[in-house]
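Results of the structural survey
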Amino acid sequence: MQYTLSSDGKLNLTLRITEKRGDGYHNLVSLFLRLPAMESLTISTYKDNNVREIATTGHIVIDGKNIVEKTIECLESKGWSLPGLHVALAKQIPPGTGLGAGSGNAASFLRWARLFEGSEVTSDILEKIGSDVSFLYSRSFLSLVVGKGEKSACRGPLPPMQIVVAIPGWGVSTSLAYAGVDAFYGVDKGGSFPCNEWTGLAEVEKIYQSLLRGENVGFLPNDFYPWLAEQHPEYEAFFNECESSNALGYGLSGSGSSVFALFPANGKPVKLSQFEKMEWIQQILFWSDDR
Ligand SMILES: C[C@@](CO)(OP(=O)(O)O)[C@H](O)COP(=O)(O)OP(=O)(O)OC[C@H]1O[C@@H](n2ccc(N)nc2=O)[C@H](O)[C@@H]1O
Ligand SMILES: Nc1ncnc2c1ncn2[C@@H]1O[C@H](COP(=O)(O)OP(=O)(O)O)[C@@H](O)[C@H]1O
């Protein structure tokens, strides 16, 4: 039997790193927005459970263990008995873009596995696979996420928006980015990140309320940005263009490398050709939420 499912991604509309934890992970305060159906998965089941293949279609190659393979191994270590499987991932988004495409592939596979087996996916499984998997596995469209990514509270929807995501030619490794910001803010030498959990929560609430009212919020805070901007001054031109096109808000997603801009759905149509002159942009994703 063959099953075809869509696989979502995410934007971090805001992202504050509030502290480095004893286990090396970082606590965050981040407003996550779902990017629906960015990629898709085709799962074929076989009676012979020796069949186990994860393949990607298209030009994107995943180095190292595929997160879907990690997900299958995690489920099996928890006693799930899955059938023979061939999983074809129609990848559209390169890794290292801060859009959580890989985490979305894992979440999508878990949704299928839950229904196939009729078993619940527990929070320890989600956390073991990756910090962003919990949000992507949830049903939420918009969530305030804290902890290392595992604690999320659903927030009511924002007014309809047009969302533009620009993917540059470079990628950013998440673990190198966390090491980079630790050094940038000097957190291993007594320094600290710009916000603690309380100031981060107050800030995100203010931004959320402004977006709810349809007000322009300009550049959205992301603690990875000052570190990444030193290596990629190209981002500034994108943000200047967003500001002059009257975007509601714009910023960097996750640890990079993608940048995004939000425009009101009922405003002037976004002129995508304005981004053509930025040759460092390799791919533009666009969603128009016309509810
Ligand atoms: C930065 C964020 C923001 O949403 O997203 P991306 O930019 O990667 O999409 C996340 O925190 C990325 O989460 P995710 O991509 O799932 O990372 P994981 O696989 O759990 O962890 C990869 C590595 O990142 C570091 N890590 C991850 C999450 C976290 N809260 N603190 C960390 O320090 C750890 O060094 C870990 O070994
Ligand atoms: N199916 C997959 N799709 C994308 N990345 C994957 C996948 N499997 C494993 N990875 C690894 O996960 C990391 C990127 O994960 P992803 O959730 O897409 O994050 P990002 O938001 O940083 O692009 C990369 O190190 C990549 O090699």
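Bear in mind that the values here come from a model prediction, so they are computed numbers and not experimental data. (Residues numbered from 1 in each chain as written. Chains lettered and ligands numbered in written order. Predicted model: local features only at pLDDT ≥ 70, side-chain atom pairs only at ≥ 80, totals over all residues. Heavy atoms only, no water.)

Quick word on the pairing of strand 2 (residues 26-46)
- With 16 of its 21 residues buried, strand 2 lies for the most part within the structure.
- Where strand 1 (residues 2-20) and strand 2 come together, 16 bridges link them in antiparallel fashion. Counterpart to Lys-20 in the pairing with strand 2 is His-26.
- Counting the residues in the hairpin turn of strand 1 and strand 2 gives 5 residues, including Gly-24, whose phi is positive at 90°.
- Inspection of the sheet shows strand 2 paired to strand 5 (residues 142-147) by 6 bridges, in the antiparallel sense. Paired with Phe-32 across the bridge in strand 5 is Ser-143.
- As judged from the 7 bridges shared by strand 2 and strand 4 (residues 84-90), these two strands associate in the antiparallel manner. The residue of strand 4 that forms the bridge with Ser-44 is His-86. (Buried < 20%, exposed > 50% of the residue type's maximum accessible area, 1.4 Å probe, protein only. Helix = DSSP H or I, 4+ residues; strand = E, 2+ residues; numbered from the N terminus. Pairing = 2+ DSSP bridges.)

Let's talk about the site of ligand 2
- Taken together, 18 residues surround ligand 2, and among them Ile-67, Lys-91, Gly-96, Gly-100 and Gly-102 come closest.
- Residue Asn-66 places a side-chain N or O atom 3.0 Å away from a nitrogen atom belonging to ligand 2.
- Gly-96 places a main-chain nitrogen or oxygen 2.9 Å from an oxygen atom of ligand 2.
- Protein contact buries 79% of the 540 Å² of open area that ligand 2 shows by itself. (Near = heavy atom within 4 Å. Polar contact = N/O pair within 3.5 Å; in protein donor to acceptor, adjacent residues only side chain to side chain. Areas by Shrake-Rupley, 256 points an atom, 1.4 Å probe, with all protein chains shown as cover.)

Some details on the pattern of salt bridges
- All told, the structure shown has 15 salt bridges when counted by the stated rule.
- Measuring nitrogen to oxygen at the nearest pair gives 3.0 Å for the salt bridge that ties Glu-205 to Arg-155. Taken together, the residues span a long stretch of sequence, with Glu-205 in helix 6 (residues 197-212) and Arg-155 in the loop between strand 6 (151-154) and strand 7 (161-168) at a distance of 50 residues.
- Via salt bridges that share partners, Arg-16, Glu-203 and Asp-223 belong to a single interconnected network. (Salt bridge = Lys/Arg side-chain N within 4 Å of Asp/Glu carboxyl O.)

Things to note about the packing of aromatic side chains
- A complete count under the given rule lists 19 aromatic pairs for this structure.
- Ring geometry for Tyr-225 versus Tyr-235: centroids 6.1 Å apart, planes at 55°, classification tilted. Highlighted residues: Tyr-225 in helix 7 (residues 225-231) and Tyr-235 in helix 8 (residues 235-244), separated in sequence by 10 residues. Each member of the pair, Tyr-225 as well as Tyr-235, is classed as buried.
- Lying over the aromatic face of Phe-135, Arg-34 brings its terminal NZ or CZ to 5.2 Å of the ring centre. (Phe/Tyr/Trp six-rings, centres within 6.5 Å; stacked < 30°, edge-to-face > 60°. Lys NZ or Arg CZ within 6 Å of the ring centre and 35° of its normal.)

Brief notes about unusual backbone geometry
- A cis amide bond links Gly-256 to the next residue, Ser-257, at an omega of 15°.
- Relative to the helices and strands, Ser-257 resides in the loop between strand 9 (249-252) and strand 10 (259-264).

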